[in-house]
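Topology and contacts: notes
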Amino acid sequence: MNQTKQLFGTNGVRGIVGESMTPGLVLRIGQALGSMRPGTIAIGRDTRTSGPMLVHALKAGLIGTGCRVVDCGVLPTPALQYIVRDRFAAGAMITASHNPPEYNGVKIIERDGTEMGDGEVLALEGRLFRDEYALAGWTGLGDEEEHPELVEQYLSGILAHFPGELGRGMTVAVDPGSGPASLTTSTLLERMGCTVRAINNTPDGTFPGRLPEPTPAGLRSLAELVRETGAAFGVAHDGDADRAVFIDDRGRYVEENREFALIAHHVCRRRQGVIVTPVSTSQLIEDVAAATGCTVRYTQVGSIYVARSMLALLEAGMEVAFGGEGNGGLIYPDHQFCRDGGMTAAMMVAMLSETGRPLSALVDELPPYHFINLRLKTRHAEEIVTMVAAAFPDFSADRTDGVRISKGKTWALVRRSGTEPIIRVMVEAEDRVGAEAMRDEILRLITPLLD
Ligand code: MG
C-alpha cells in the first residue's frame, strides 16, 4: 500500500519548509480535504515556526471549499484527535512530529479520531494531482472560529479515567521539548495531584533545549532533573506528543519496548483480550500476554495499522485490551484509537501509585532480552526479504510486513523502508550472544545484495 502513496507516508505528509513543504501544497491539501469532507473541520498545530504560515494556507483551502474551520491553536495531535472524534467532519494537524525544526507537515484526522487510512489518502492525493476540488462560489465560502479552549475536553477526558488524586505525594519531572505538550502535560499531572518539575516547558519552534525526537542523549537534562528532585520518573514527548518516553527514578532511559510491556501489563491485568502491535515489537509483549491471559495480534509497522486493526477486531466482536508500538506510542481502547502521550504519562502515575514500587525496580524485573536494530543500504530490498524468508526452514515465517522469522525466544524482522533504498533488520534473542549470532547469520546471507 505504502509504495503507491506519493506524498503521504504512514503518518501524514512531511517535508522541509520552503522545499517540499510549502503553503501552496498545504492550500491544495486543504482544498482536497474540504472537497472530500464538507462540513466543520477542526485544525491545530504544533509549535514549529512555520506553523502559523501553514495553518493560514490550510484554512484558505478549507474555507474556499465552503468548510467552517474551528482553529484549536497549539495542542498535541492526540488532543486534536480527541476533539474531532464524533464532533467534526474531519481534522487536520500541522505537525512534523519528531522531525527536526526545519520540517513541517500535515496529519489528516477522520471523524472517528483515527488518522486517515491508505485508501482515503490515495483519493486525496488523486485530487491534488488532478487539481480536482469542489471550490465554493462567493456566496458559499466557509468561515472560521477560534476555540483554543477545546483542549480542556482532552484534559478532562484523560482525567476521567483516573479519579482521585493518584499522584499525591509523587514528584514527577516533565520535558515536553518546547512542543505543544508544554500546554498540557504539566497541567494534567498537577491535576492528578503530582508535584511537577518541568524543563523545556514553553512552546518554542526553535527548540532551544532539545530536538523534537526524544533520544537518550537529548534527555540528559531531564535525567539530571529526575535525580536532583528525587522524582518518581521523568516523562518526555516527541514534537506532537502522541508518544511518551520515560526516565526511571535512577535517571536511566527506559527503552520503549520495556515501557510498553510495563504499561500493557498494568492495563491487561484488569482487561483481557487482544493486544495489537506491529511485527517490530519485542517479545516482551508475548510475555505480558501470557501472564495476563491475553493474546497478541500483529500488524504491519505503523500506528495507524494498529489503531485500525483494534477497531476491526472490536467490530468483529472481539475484546481488545491494548495496542501500541515499541517507540512510546501507546493506544488505550477505553480512551481513543490513537497514540496518546498525555494519557501514557497519566497511566505511568496510576501504575506507580497502584504498585507502590519504584519504576527502576519494575524495569529491572523484565527479562533482559537483547535487541539489535540495523538500517542497511540496498537497492534489492524485495530480493533480500524473499531470500531470508526461504533461508531458515526450521523457523516459522510471518509475512505481515517484510518477513518475521521466529523460533523459541529468537526472532528477526527484515523489511524494506517505504521511503528510502534501505532494508531494516531487527533481531531479538534471550541474550546478546544469541542475538549477535542470529544477526551475523542474516548478514552473511544478505551482504552480497547490500550497496
Ligand atoms: Mg508524533
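Residues numbered from 1 in each chain as written. Predicted model: local features only at pLDDT ≥ 70, side-chain atom pairs only at ≥ 80, totals over all residues. Heavy atoms only, no water.

A word on the coordination of the magnesium ion
On the protein side, the magnesium ion has Ser97 (OG), Asp238 (OD), Asp240 (OD) and Asp242 (OD) as donor atoms, found 2.0 to 2.2 Å from it. The sequence pattern describing where the donors of the magnesium ion fall on their chain is S-x140-D-x1-D-x1-D. A single burial state applies to aspartate 238 and to aspartate 242, both of which are buried. (Donors = N, O, S within 2.8 Å, 3.2 Å for Na, K, Ca; no water. Buried < 20%, exposed > 50% of the residue type's maximum accessible area, 1.4 Å probe, protein only.)

Here's the deal with the domain arrangement of the protein chain
When cut into domains, the protein chain gives domain 1 (13–149), domain 2 (153–253), domain 3 (256–355) and domain 4 (370–449). Taken over C-alpha atoms, the centre of domain 1 sits 38 Å from the centre of domain 4. (Domains from an automatic or database assignment.)

Here we look at the pairing of strand β2 (residues 12–16)
The pairing of strand β1 (residues 8–9) with β2 spans two bridges and is antiparallel. Note on β2: the bridge partner recorded for glycine 9 is glycine 12. Between the antiparallel neighbours β1 and β2 lie two residues. Of the strand pairs in this sheet, β2 and strand β6 (residues 103–110) are connected by four bridges, and their pairing is antiparallel. Counterpart to isoleucine 16 in the pairing with β6 is tyrosine 103. (Pairing = 2+ DSSP bridges. Helix = DSSP H or I, 4+ residues; strand = E, 2+ residues; numbered from the N terminus.)

Focus: the packing of aromatic side chains
In total, this model carries six aromatic pairs according to the counting rule given. Plain terms: the ring middles of phenylalanine 260 and phenylalanine 322 are 6.0 Å apart, the flat faces sit at 50° to each other, and that makes the pair tilted. Of this pair, phenylalanine 260 sits in helix α8 (residues 256–268) while phenylalanine 322 is found in strand β15 (residues 320–324), placing the two residues 62 residues apart along the sequence. Using a relative accessible area of 0% as the deciding quantity, one classes phenylalanine 260 as buried. Relative accessible area serves as the criterion here: at 0%, phenylalanine 322 is assigned to the buried category. Between phenylalanine 392 and phenylalanine 395 the ring centres are 5.5 Å apart and the planes differ by 70°, which places this aromatic pair in the edge-to-face class. (Phe/Tyr/Trp six-rings, centres within 6.5 Å; stacked < 30°, edge-to-face > 60°.)

A word on the nonpolar core
Counting residues in hydrophobic clusters, the biggest one holds 69 residues, and the most contacted among them are Leu189, Phe233, Phe246, Ile263, Ile275, Phe322 and Leu359. At nine residues, helix α11 (residues 341–355) tops the list of elements feeding residues into this core. Non-local contacts of leucine 189, meaning those with residues more than four positions away in its chain, are made with Val172, Val174, Cys194, Val196, Val235, Ala345, Ala346 and Val349. If you look at the next biggest cluster of nonpolar residues, it comprises 30 residues, including Val26, Met36, Val106 and Tyr133. (Core = buried A, V, L, I, M, F, W, Y, C linked by side-chain atoms within 4.5 Å. Contact = heavy atoms within 4.5 Å.)

Describing the packing of helix α13 (residues 381–391) against helix α14 (residues 432–446)
Axis separation between α13 and α14 bottoms out at 10 Å; the angle between their running directions is 125°. Considering their axes alone, α13 and α14 lie oblique with respect to each other. Pair α13 / α14 crosses with right-handed handedness. Contacts between α13 and α14 involve Ile384, Met387, Val388 and Ala391 on the former and, on the latter, Ile442, Leu445 and Ile446. Tallied by class, residues from the contact of α13 with α14 come to seven nonpolar, no polar and no charged. (Axes fitted to C-alpha atoms, helices over the stretch in contact; angles between N-to-C directions. Parallel < 35°, antiparallel > 145°, perpendicular 65-115°, else oblique. Left-handed = near helix turned anticlockwise from the far one by under 90°. Nonpolar A, V, L, I, M, F, W, Y, C, P; charged D, E, K, R; others polar.)

Focus: the side chain of threonine 281
Considering the arrangement of structural elements, one finds threonine 281 in the loop between β13 (274–278) and α9 (284–292). Among the polar contacts listed, one links the side chain of threonine 281 to the side chain of threonine 277, at a separation of 2.6 Å. Apart from residues no more than four positions distant in its own chain, threonine 281 is found in contact with Asn257, Phe260, Gly324, Glu325, Gly326, Arg404 and Trp411. (Polar contact = N/O pair within 3.5 Å; in protein donor to acceptor, adjacent residues only side chain to side chain.)

Details of the sheet that holds strand β18 (residues 396–398)
Read across the open sheet, the five strands follow the order β17-β21-β20-β19-β18; overall the sheet is antiparallel. Only two strands of the sheet have a single partner each, and these edge strands are β17 (370–377) and β18. Neighbour-to-neighbour, the strand axes of the sheet open up by a mean angle of 15°, direction not taken into account. Examined bridge by bridge, strand β20 (residues 410–416) and strand β21 (residues 422–429) share six bridges and lie antiparallel to one another. Bridge pairing links arginine 416 to isoleucine 423 in β21. Against the sheet, α14 touches β17, β19 (403–407), β20 and β21, its axis set at about 20° to β17.

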